[in-house]
Amino acid sequence: MSRDVISDEAWAVIGPLFPTAKSTGRPPMDRRTVVEATAWRFRTGAPWRDVPERFGNWSTIYKNFNRWSEQGVWARVLEKTQSLAQQSGDLDWVASIDSTIVRVHQHGATLPRATGGSVELQEVR
């Protein structure tokens, strides 16, 4: 089995969350192939145009991805997989936030800031 093929167990969970194909019009692309192509694209970070031909036309894959995103399908897939992982105890909700990566916006960098305490100046004699 190739690395970019979704397992049958995983597809059994997420497959029903995707909309069914219309019975009229152009024959639809296989939903599983579109999901595998989308997973390949985000795992590699490649542009949509570089999706391998074995997945089909990149434009069709992108259009399906975009349509499903607007319909909230990907959000439902995330919710379903997170809930299953939570139930099985495989999900850990610990987050580590490092303040060295928090940056201020360029317009906020020169603003006066309150340092706490009173603002009154003390004279030293």
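Our structure is the block above this text.
Residues numbered from 1 in each chain as written. Predicted model: local features only at pLDDT ≥ 70, side-chain atom pairs only at ≥ 80, totals over all residues. Heavy atoms only, no water.

### Describing the overall build of the protein chain
Inference 1: On a plain count of helices and strands, the protein chain comes out with four helices and zero strands.
Inference 2: Here the protein chain holds 125 residues, and 23% of them are scored as buried.
Inference 3: Within the protein chain, contacts between residues separated by at least 24 positions form 52% of all contacts whose residues are at least 6 apart in sequence.
Inference 4: About 10300 Å² of surface is accessible on the protein chain, with carbon and sulfur atoms providing 53% of the total. (Helix = DSSP H or I, 4+ residues; strand = E, 2+ residues; numbered from the N terminus. Buried < 20%, exposed > 50% of the residue type's maximum accessible area, 1.4 Å probe, protein only. Contact = heavy atoms within 4.5 Å. Areas by Shrake-Rupley, 256 points an atom, 1.4 Å probe, with all protein chains shown as cover.)

### Points about a positive patch on the surface
Inference 1: On the surface, Lys-22, Arg-26, Lys-63 and Arg-67 cluster together into a positively charged patch.
Inference 2: Assignment of secondary structure puts Lys-22 in the loop between helix H1 (8–14) and helix H2 (31–44).
Inference 3: Owing to a relative accessible area of 71%, Lys-22 belongs among the exposed residues under this scheme. (Patch = residues over 30% accessible without salt bridge, like charges linked within 9 Å, V, L, I, M, F, W, Y side chains within 5 Å. Salt bridge = Lys/Arg side-chain N within 4 Å of Asp/Glu carboxyl O. Lys, Arg positive; Asp, Glu negative; His and termini not counted. Charge placed at Lys NZ, Arg CZ, Asp CG, Glu CD.)

### Notes on the packing of aromatic side chains
Aromatic rings considered in pairs are described by the distance between their centres and by the relative angle of their planes.
Inference 1: Tallied over the full model, the rule gives nine aromatic pairs.
Inference 2: Measuring from ring centre to ring centre gives 5.8 Å for Trp-11 and Phe-18, while their planes differ by 15°; the resulting arrangement is stacked. The same class applies to Trp-11 and to Phe-18, which are both buried.
Inference 3: Taking 5.8 Å as the distance between ring centres and 45° as the angle between the ring planes, the aromatic pair formed by Phe-65 and Trp-74 counts as tilted.
Inference 4: These aromatic residues form a ring-pair network of at least three members: Trp-11, Phe-18, Phe-42, Trp-48, Tyr-62, Phe-65, Trp-68 and Trp-74.
Inference 5: Over the aromatic face of Phe-42 sits the side chain of Arg-41, whose NZ or CZ is 4.7 Å from the ring centroid. (Phe/Tyr/Trp six-rings, centres within 6.5 Å; stacked < 30°, edge-to-face > 60°. Lys NZ or Arg CZ within 6 Å of the ring centre and 35° of its normal.)

### Observations regarding the packing of H2 against helix H3 (residues 58–71)
Inference 1: H3 packs onto H2 with a crossing angle of 90° between their chain directions and a minimal axis gap of 10 Å. Considered as vectors, H2 and H3 are oriented roughly perpendicular to each other. Residue-level inspection shows Arg-31, Val-34, Val-35, Ala-37, Thr-38 and Phe-42 of H2 in contact with H3, the latter providing Ile-61, Asn-64, Phe-65 and Trp-68.
Inference 2: Grouping the constituent residues of the contact of H2 with H3 by class yields seven nonpolar, two polar and one charged. (Axes fitted to C-alpha atoms, helices over the stretch in contact; angles between N-to-C directions. Parallel < 35°, antiparallel > 145°, perpendicular 65-115°, else oblique. Nonpolar A, V, L, I, M, F, W, Y, C, P; charged D, E, K, R; others polar.)

### Comments concerning the nonpolar core
Inference 1: In this structure, Phe-18, Val-35, Val-51 and Ile-61 are the most contacted members of the largest nonpolar core, which totals 17 residues.
Inference 2: When contributions to this core are tallied by element, the ones reaching two or more residues are H1, H2, H3 and helix H4 (73–88).
Inference 3: If one sorts the elements of this core by residue count, H2 sits on top with four residues.
Inference 4: Those residues in contact with Val-51 that sit more than four places away from it in its chain are Ala-37, Trp-40, Arg-41, Trp-58 and Ile-61. (Core = buried A, V, L, I, M, F, W, Y, C linked by side-chain atoms within 4.5 Å.)

### A word on H2
Inference 1: Helix length check: H2, at 14 residues, gives a terminal C-alpha distance of 20 Å against a target of 20 Å (1.5 Å per residue), a fit within 8%.
Inference 2: Count one or two residues on from H2 and you reach Gly-45, which has phi positive near 80°. (Expected span 1.5 Å × (residues − 1).)

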